[in-house]
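Topology and contacts: notes
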Amino acid sequence: MKHTLAALVENHPGVLNRVASLFRRRGFNIESLAVGTTEQEGISRMTFVVEGDDNVGEQVEKQLYKLIDIIKVSDLSREESIVREIALIKVRSEKNNRRDILDLVEIFRAQAVDITEYSVVIQLVAHPETVDSLLENLAAYPIIEMVRTGRIAMLRGPQAISVPTTEPVEVARFHQASGRRPEGELPYVSE
Amino acid sequence: MKKITGADIVLESLKKIGIDTVFGYPGGVVLPLYDRWPSHPEVRHILVRHEQGAGHAAEGYAKASGRLGCALATSGPGATNLVTAITDAMMDSIPVLFITGNVARNLLGRDGFQEADITGITMPITKHNYLVMRAEDIAPTFAEAAYIATTGRPGPVHIDIPKDVFIEEADFEWPEQISIRGYEPFPSVNEDEIKNAVQLIRRAERPIIFAGHGIIQADASKELMEFAEKSGTPVLNTLLGLGSIPQDHVLSYGMMGMHGSYWANHAASNADLIIGLGMRMDDRALGRFADLNPTANVIHVDIDPAEHNKNIITTTPIVGNVREVLKILITQFEPLSHIDWIHWIDELRRDHKDSFKVPEVDELTPQYIESRIAEKIGNEGVVVTGVGQHQMWAAQLMNISRPRQLITSGGLGTMGFEVPAALGAQVAEPNRTVWTICGDGGFQMTNQEIATMIDENLPVKMAIMNNGFLGMVRQWQELFYGNNYVSVNMSQPDFVKLGEAYGIKSLRVSHKSEVDDVIIEANNHPGPVLIDFQVETEGNVWPMVPAGAALSETVETSDQVKAL
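Starting afresh in each chain, residues are numbered from 1 along the sequence in its written order. Labels are handed out in written order, letters beginning with A for the chains and numbers beginning with 1 for the ligands. Since the coordinates come from a predicted model, pLDDT governs what is reported: local features require at least 70, and pairs of side-chain atoms require 80 or more to be given and counted, while whole-chain, interface and lining totals use all residues. To obtain the side-chain values, all non-hydrogen atoms of the structure were included, while hydrogens and water were left out.

Turning our eyes to something else, we now look at the interface of chain B and chain A. Reports of interface size often rely on the accessible area that becomes lost once the parts have come together. In what follows, residue pairs with any heavy atoms lying within 4.5 Å of each other are defined as contacts. With 46 residues of chain B in contact, the opposing surface of chain A contributes 42 residues. Accessible area, probed at 1.4 Å, shrinks when two parts are joined; the buried area is that loss added up over both. Summed over both partners, the interface of chain B with chain A comes to about 3,800 Å²; 52% of that surface belongs to carbon and sulfur atoms. The salt bridge criterion pairs a side-chain nitrogen of Lys or Arg with a carboxyl oxygen of Asp or Glu, the two atoms within 4 Å. Taken together, the connections running from chain B to chain A amount to 2 salt bridges. The partner of Arg181 of chain B in a salt bridge is Glu10 of chain A, and the shortest N-O contact between them spans 2.9 Å. Think of a polar contact as two N or O atoms within 3.5 Å of one another; within protein, one of them needs to be a possible hydrogen donor and the other a possible acceptor, and neighboring residues in sequence only count if both atoms come from side chains. Linking chain B with chain A are 9 residue pairs in polar contact (both at pLDDT 80 or more). Helix numbering and strand numbering both begin at the N terminus, where a helix is a DSSP run of H or I of at least 4 residues and a strand a DSSP run of E of at least 2. Among the elements of the structure, α1 (6-17), β6 (128-131), α7 (138-150) and β9 (177-178) of chain B are those that each provide at least two residues to the side of chain B that touches chain A. At 4 residues, the largest contribution of residues to the side of chain B that touches chain A is made by α7 of chain B. Each residue is assigned to one class: nonpolar for Ala, Val, Leu, Ile, Met, Phe, Trp, Tyr, Cys and Pro, charged for Asp, Glu, Lys and Arg, and polar for all the others, Gly among them. Residue composition of the side of chain B that touches chain A, by class: 16 nonpolar, 14 polar and 16 charged. Two strands are said to pair when DSSP picks up at least two bridges between them. Where strand β10 (residues 169-170) of chain A meets β9 of chain B, 2 bridges bridge the pair, whose relative direction is antiparallel. Residue pairing across strands places Val169 of chain A opposite Ile178 of chain B, the latter belonging to β9 of chain B.

What follows concerns the sheet that holds strand β1 (residues 2-10) of chain A. Residue and element names in this part refer to chain A. Taken together, 4 strands build an open sheet; the order of strands is β2-β3-β1-β4 and the sheet is antiparallel. On the outer flanks of this sheet lie β2 (30-37) and β4 (70-75), each paired with one strand and no other. Averaged over all pairs of adjacent strands, the angle between strand axes in this sheet comes to 15 degrees, irrespective of strand direction. As judged from the 5 bridges shared by β1 and β4, these two strands associate in the antiparallel manner. Looking at the pairing, Ala6 lines up with Ser74 of β4. Those strands touched by helix α1 (residues 15-26) are β1, β2, β3 (43-51) and β4, and its axis lies near 15 degrees from that of β3. Fitted lines through C-alpha atoms give the axes, limited to the stretch in contact for helices. The angle between two N-to-C directions lies from 0 to 180 degrees. Sheet strands touched by helix α2 (residues 54-66): β1, β3 and β4. Its angle to β4, the strand with the most contacts, is close to 165 degrees.

Residues and elements named next belong to chain B. Counting 60 residues, the largest nonpolar core has Phe210, Phe227 and Leu277 as the members making the most contacts within it. Each residue touching Phe210, except ones within four places of it in the same chain, is listed here: Leu236, Met256, Ala268, Ile274, Ile275, Gly276, Leu277, Met279, Met281 and Leu286. Counting 46 residues, the second-largest nonpolar core is a separate cluster that includes Tyr34, Ala135, Ala139 and Ile180. As used here, the term nonpolar core means buried Ala, Val, Leu, Ile, Met, Phe, Trp, Tyr and Cys residues forming a set that is joined through side-chain atoms within 4.5 Å. Burial classes: relative accessible area under 20% of the type maximum marks a residue as buried, over 50% as exposed, and values in between as partly exposed (1.4 Å probe, protein chains only).

All names here are of chain B. Note that β6 and strand β7 (residues 156-162) share 4 bridges and pair parallel. The residue bridging Asn129 from the neighbouring strand is His158, located in β7. Of the crossover connections in this fold, the one passing from β6 over α7 to the parallel β7 is right-handed. Call a crossover right-handed when, viewed with both strands pointing away from you, the route from the first strand across the helix to the second goes clockwise.

Let's shift gears to the pairing of β3 of chain A. All names here are of chain A. Within β3, 8 of the 9 residues are buried, leaving the element largely enclosed by the surrounding structure. Bridge count for β2 against β3 is 7 bridges, and the pairing is antiparallel. Note that in β3 the partner of Val35 across the bridge is Met46.

Turning our eyes to something else, we now look at α2 of chain A. All names here are of chain A. One fewer than the residue count of a helix, multiplied by 1.5 Å, yields its expected span. Under the 1.5 Å per step criterion, the end-to-end length of α2 is 19 Å for 13 residues, consistent within 8% with the ideal 18 Å. All of the buried residues along α2 are Gly57, Gln59, Val60, Glu61, Lys62, Gln63 and Leu64. In this structure, the buried side of α2 is in contact with β1, α1, β3 and β4.

Okay, the domain arrangement of chain B next. All names here are of chain B. For the purposes of this description, domain bounds are those given by an automatic or database domain assignment. Here chain B is partitioned into domain 1 (4-170), domain 2 (191-354) and domain 3 (362-535). Distance from the C-alpha centre of domain 2 to the C-alpha centre of domain 3: 31 Å. Roughly 1,300 Å² is buried in total at the junction of domain 2 and domain 3, and carbon and sulfur atoms are behind 64% of that figure. Broken down residue by residue, the surface that domain 2 buries against domain 3 is led by Leu239, Gln247 and His259, which jointly contribute 40%. In this structure, the connection of domain 2 to domain 3 is made through 3 residue pairs in polar contact (both at pLDDT 80 or more). The residue inventory of the side of domain 2 that touches domain 3, partitioned by class, reads 8 nonpolar, 5 polar and 2 charged.

Residues and elements named next belong to chain A. Looking at chain A, the domain boundaries give domain 1 (2-79) and domain 2 (82-152). For domain 1 and domain 2, the distance between their C-alpha centroids amounts to 29 Å. Of the roughly 410 Å² buried between domain 1 and domain 2 on both sides combined, carbon and sulfur atoms contribute 59%. Here domain 1 is connected to domain 2 by 0 salt bridges. Those elements that provide at least two residues to the side of domain 1 that touches domain 2 are β1, β2 and β3. Of all the elements, β2 adds the most residues to the side of domain 1 that touches domain 2, at 3 residues.

Attention shifts here to helix α16 (residues 366-377) of chain B. All names here are of chain B. For α16, built from 12 residues, the straight-helix expectation of 16 Å at 1.5 Å per residue is met to within 8% by its first-to-last C-alpha distance of 16 Å. In terms of burial, α16 is a largely internal element, 10 of the 12 residues being buried. Every buried residue of α16 is accounted for by Pro366, Gln367, Tyr368, Ile369, Glu370, Ser371, Arg372, Ile373, Ala374 and Ile377. Of the surrounding elements, those touching the buried residues of α16 are β16 (382-385), α17 (389-397), β18 (434-439), β19 (461-466), α23 (515-524) and β21 (529-534). In the segment just after α16, Gly378 is the residue with positive phi, at about 70 degrees.

Residue and element names in this part refer to chain B. Pairing is parallel across the open sheet formed by 6 strands, whose spatial order is β3-β2-β4-β5-β7-β6. Strands at the two margins of the open sheet, each flanked by one partner only, are β3 (44-47) and β6. Here the average twist between neighbouring strands, direction ignored, is 20 degrees. On the sheet, helix α3 (residues 51-65) packs against β2 (21-24), β4 (69-73) and β5 (96-102) and is oriented at approximately 170 degrees with respect to β4. Along the sheet, helix α18 (residues 418-428) contacts β2 and β3; its crossing angle with β2, the most-contacted strand, is approximately 160 degrees.

Take a look at the structure:
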């Protein structure tokens, strides 16, 4: 099955590299990946689609959490969510078939965003399966070029993927708190 | 506030963290840092002879003491030479701060002299890494790096600093608090999972504990014993878990895994409840996952949730510091006992003890030497091993009974770890006797660090098990590749002359009768000692679980392997 995961990440340099490297070395297959900004400054949101059973979904989520720059991960395939993708499709078209293409555009509630004598560019914002279906229907026409953004997703209803609150830790105490330094002072402390 | 240079900020930050020793090697881009070092005499710099040595020494320091280790190298080749040590620290969850210099900011990405994309290289082999681009970011980065390296599941953190950032001036402001969004190193223990675990513990007839490195890292040895005693559960150790329970403890049944004992591996395979404590269910410890013990329930306590359900299905995963979890668990049930089960294991131990002891032969064997060293230095000494046959014999026969007594490269299996790691352990534990058991192969990978021992007056005792072979590789070629010895028989220098060339006491032993005296002589010598033990050439480590086999398929002789 496909898992759609959304991750809030720190907008640090290299974070995409960290995530991509993790997927590669753990052997997870990314089917699609979309990255963009969020309502909060300094936080980006990544949406992944990963193919695999529930165990793979669980491992992807947990392995992502091991990256320090990852703030929150949610498996949206477990919940009711809105899933969308944008596709731009450039189709070769001439006078004789332009009407048929524009009919399809209308049926799929897509838009023709650029029309020339020999081509039409169709823009579709829809569930990825709808995009697949439009592409099937366009099979009769020569497609010159096609691009899809990869899916993005959001929970239905008022709830959201939120940034967890992290209690600040006293720098001077963390060695003791971790339970690894139960006795004695730090070997050297300035002052 | 007076502004200070980035170099001074680095050294002030190290002091704030409590790092008293840095193992390092200078070079072009870290010169501004070294230039400021004499003004910070509180931080001891130990000049190694190769950056890999700096990395392993920092690991040895961290493993022996539980404190954060620190290694430093210059850009390019200096940085890439650290890579093996960084990976080793990652695999064994050792808290080490790795610092590298890089070319100046305006040269980054232009393939300048001695530039390497070291943060790109260390990304998958560190817990986290940083490229610091402003002097004012140095102090917060060091505070965060030390926090990440030592909390939760510990691990290596790498900080890369361009040359001109060391020179740039900024205020030194040490943060008082740290908060990293989404990083929760002190998770609260899930009560439902504790309840589930207690039910499984109460119901179990044949429970077994796999005690791992986490017990040592979390200082949970006492809690482990209390828990084992109260629940009447026998304890097995992974390689890195050795020392978490004394070998002579009534419930301690030694090491499991590829070269674990016959009884430990069969107890693991026949249990109805597996309790994994601070271990990661590794293939070397568990054998073929599918056939480990498919019907047993599994309680798995680990601070890293990603370890649950990774290799084997976990019935009850508990995320948390293993000491905190054990403290709670102990209070949740009345004392239990499993007499029949323990008798069953004891009987196996009686019947199979021959495959797990020092061979009674006239030749000089590594098993004999290692057991004698263990006897002479006792549990207060530190044993550092390389990787291979001698490492497995050390694990089996050196009576490892104290946390941090054994320092060895487990996950990565890094030959050449031993000499620099022993050096680092001796720095961390100046009052303990540190012995390193070396193979003749691994010794030659990093023996240049003897020079560092002399400079720093570190009296490490090096025992080379010299059989002229890469022993473990030879064993596999003998057993699994039809005796086809390829690239495994190596010529050696005269190790005694080599040691003497460095200027240290060097001895050679070829007879059993000399062993005890030489060990005592080495122990009494105030400086480093090298001993070339000329051992039998083709001994094999038994018992053995062939690669890819289940623990229940443990074999004890060559004939049994051939019959497979």
